[in-house]
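Per-entry structural report
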Amino acid sequence: MSTKDFIEKDFYKVLGVPKDATEAEIKKAYRKLAREFHPDANKGNTRAEERFKEISEANDVLGDPKKRKEYDDARALFGNGGFRPGPGAGGGQFNFDLGDLFGGAGGAGGAQTGSFGGGLGDVFGGLFNRGGPGTTRTQPRRGQDVDTEVTLSFTEAIEGATVPLRMTSQAPCKACSGTGDKNGTPRVCPTCVGTGQVARGSGGGFSLTDPCPDCKGRGLIAEHPCAECSGSGRAKSSRTMQVRIPAGVTDGQRIRLRGKGAPGERGGPAGDLYVTVHVGEHKVFGRKGDNLTVTVPVTFTEAALGGEVRVPTLGGSPVTLKLPPGTPNGRTMRARGKGAARTDGSHGDLLITVEVSVPKDLSGKARDALEAYREATADEDPRAELFEAAKGE
């Protein structure tokens, strides 16, 4: 992402959320838009594909608290593309060092932060052309981040799974070894002298930078453009990789795998891979946070007289549930440690809800027994308190 894009793109507008949106609101907006504009749901629709890229780019920034703060700080400082000096900064003279203020020199040696390279130190280092007009260097370029999705079964999400993911991303062109030149001998761009950026004056004694229009930000120009990549040095590459999804993931969770995205250029680091997980439903078990849920049918006599009931667990041995006499329908009991895995290695619980099963067909002996029970309890009215309470206000 160029410096100009970083400052001028309104990622909040892209996701349709206010600037004070919570992380949950941003996540919800991203999931809704990603499903709507995902390429798999809009095959052949180039506008939807571009929209999906914009949505992913915006979520990559706003979905990460650190990147979001850097983005907000940069936009607050530069406004609509122009630096707004504070009081006393007249005539373009500054009494402080922007490098000290924003964390030192950027460049290839800086810590990589998301899609922007080395954080605000690099962003502002590029903005103020800290390398100097005489600097000639072709800098490493970080690879792009890649977004993909995977659907897991309920059990796979609880226990974790290793899944194959086929991804298509930009990678160094194999035909020219990423140089962009069919002979493998590109030359340094004379316009930007290899920096990949050109300055544009904005007054006040400093200049902003944009990607070089001649080399498209690469810092190199191919004298003999490669036919496969048209001189860009990048080509689409498909690969299949085995990705480990940790135990306990939830539906809609977005997992970041560092360095598993598109390869970098000229020794630059690879981008990150973001995997959005979708989880299928289970016929028996449900989920509430780290806890699993199950509904267990019991007979009337088991509920009334008490007893022991065997209950299945997900992927483990059954547990024995002890029902106390007089257990009401709908009561929920807990089997500790039989739920989903947590990040600290512990497990949630299995929440067992009792459901009294009413038989549809009765044998003659069973019917006689129930008739005798009805006669024995004829004086009991379970609805007496209900009607008494209904008389009140």
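Up top is the structure these notes are about.
Please read these numbers as outputs of a predicted model, since none were measured by experiment. (Residues numbered from 1 in each chain as written. Predicted model: local features only at pLDDT ≥ 70, side-chain atom pairs only at ≥ 80, totals over all residues. Heavy atoms only, no water.)

Thoughts on the overall build of the protein
- Secondary structure assignment for the protein yields 11 helices and 15 strands.
- By the burial criterion, 39% of the 393 residues in the protein qualify as buried.
- Residue pairs in contact within the protein that sit at least 24 positions apart in sequence constitute 65% of those at least 6 positions apart.
- Surface exposure of the protein reaches about 22,700 Å², of which carbon and sulfur atoms provide 50%. (Helix = DSSP H or I, 4+ residues; strand = E, 2+ residues; numbered from the N terminus. Buried < 20%, exposed > 50% of the residue type's maximum accessible area, 1.4 Å probe, protein only. Contact = heavy atoms within 4.5 Å. Areas by Shrake-Rupley, 256 points an atom, 1.4 Å probe, with all protein chains shown as cover.)

Side note on the nonpolar core
- The biggest cluster of nonpolar side chains holds 20 residues, and the ones touching the most others in it are V294, V311, L321, L323, L350 and I352.
- If you list the elements that add at least two residues to this core, you get α8 (154–159), β11 (291–298), β12 (307–313), β13 (316–323), β14 (332–335) and β15 (350–356).
- For this core, the element with the highest residue contribution is β11, accounting for 4 residues.
- Apart from the residues lying within four places of it in its own chain, the contact partners of I352 are V294, V296, V311, L321, R331, T332, M333 and A335.
- Of all hydrophobic cores here, the second largest spans 19 residues; its members include L33, A34, V61 and Y71. (Core = buried A, V, L, I, M, F, W, Y, C linked by side-chain atoms within 4.5 Å.)

Overview of the sheet that holds strand β10 (residues 286–288)
- Read from one edge to the other, the open sheet built from 4 strands follows the order β10-β11-β15-β14, with strand pairing classed as mixed. The open sheet has two edge strands, β10 and β14, and neither has a second partner. Looking at each pair of strands side by side, their axes are set apart by 35 degrees on average, direction ignored.
- As judged from the 4 bridges shared by β14 and β15, these two strands associate in the antiparallel manner. What sits directly across from A335, in β15, is L350. (Pairing = 2+ DSSP bridges. Axes fitted to C-alpha atoms, helices over the stretch in contact; angles between N-to-C directions.)

Describing the pairing of strand β9 (residues 273–279)
- The buried fraction of β9 amounts to 6 of the 7 residues, a majority that puts the element mostly inside the structure.
- Where strand β1 (residues 146–152) meets β9, 7 bridges bridge the pair, whose relative direction is parallel. The residue of β9 that forms the bridge with V150 is V277.
- Two elements, strand β8 (residues 254–257) and β9, share 4 bridges in a ladder whose sense is antiparallel. If you follow I255 over to β9, its bridge partner there is V275.

With respect to the sheet that holds β1
- Pairing is mixed in the open sheet, where 3 strands are placed in the order β1-β9-β8. Since the sheet does not close on itself, it has two edges, and those belong to β1 and β8, each with one partner. Adjacent strand axes in the sheet meet at a mean angle of 25 degrees, parallel and antiparallel pairs treated alike.

Topic: a nonpolar patch on the surface
- Where nonpolar side chains cluster on the molecular surface, the patch consists of F300, L362, L370 and Y373 and spans about 370 Å² of accessible area.
- Turning to its location among the elements, F300 is positioned in helix α9 (residues 300–305). (Patch = residues over 30% accessible without salt bridge, like charges linked within 9 Å, V, L, I, M, F, W, Y side chains within 5 Å. Salt bridge = Lys/Arg side-chain N within 4 Å of Asp/Glu carboxyl O.)

As for the packing of helix α3 (residues 23–37) against helix α4 (residues 46–62)
- Across the interface, α3 lies against α4 with an axial gap of 9 Å and an inter-helix angle of 160 degrees. As far as their axial angle goes, α4 and α3 are roughly antiparallel. Crossing hand, α3 versus α4: left-handed. Within the contact between the two elements, α3 uses I26, Y30, L33, A34 and F37 and α4 uses A48, R51, F52, I55, S56, N59 and L62.
- Grouping the constituent residues of the contact of α3 with α4 by class yields 9 nonpolar, 2 polar and 1 charged. (Parallel < 35°, antiparallel > 145°, perpendicular 65-115°, else oblique. Left-handed = near helix turned anticlockwise from the far one by under 90°. Nonpolar A, V, L, I, M, F, W, Y, C, P; charged D, E, K, R; others polar.)

Some details on the packing of aromatic side chains
- Overall, the coordinates contain 3 aromatic pairs when judged by the stated rule.
- Each ring, one from Y12 and one from Y71, has its centre 6.2 Å from the other, and the planes form 40 degrees; the classification is tilted. Of this pair, Y12 sits in helix α2 (residues 11–15) while Y71 sits in helix α5 (residues 65–78), and the two are 59 residues apart along the sequence. Each member of the pair Y12 and Y71 is classed as buried.
- An aromatic cluster of at least three residues, connected via ring pairs, comprises F11, Y12 and Y71.
- The ring of F37 has R51 lying over it, and the distance from NZ or CZ to the ring centre is 5.2 Å.
- Between the NZ or CZ atom of R254 and the centre of the ring of Y30, over which it lies, the distance is 5.3 Å. (Phe/Tyr/Trp six-rings, centres within 6.5 Å; stacked < 30°, edge-to-face > 60°. Lys NZ or Arg CZ within 6 Å of the ring centre and 35° of its normal.)

Observations concerning the pattern of salt bridges
- One pass over the structure, following the stated rule, counts 16 salt bridges.
- Where E54 meets R51, a salt bridge forms, and the shortest distance between an N and an O atom there is 3.9 Å. Here E54 pairs with R51, and both are found in helix α4, just 3 residues apart, close to one helical turn.
- Under the relative-accessibility criterion, R51 is labelled buried at 17%.
- Across the pair R256 and D272 runs a salt bridge whose closest N-O atoms are separated by 2.6 Å. With R256 in strand β8 and D272 in the loop between β8 and β9, this pair connects stretches of sequence that are 16 residues apart.

Details of α4
- Here α4 is 17 residues long and its end C-alpha atoms lie 24 Å apart, about the 24 Å a rise of 1.5 Å per residue gives.
- Within α4, the full set of buried residues consists of A48, R51, F52, I55, S56, A58, N59, D60, V61 and L62.
- A distance of 3.1 Å separates the backbone nitrogen of R47 from a side-chain oxygen at the start of α4, and that oxygen is part of N45. (Expected span 1.5 Å × (residues − 1). Polar contact = N/O pair within 3.5 Å; in protein donor to acceptor, adjacent residues only side chain to side chain.)

Such coordinate-based values are descriptive only and should not be taken to indicate function.
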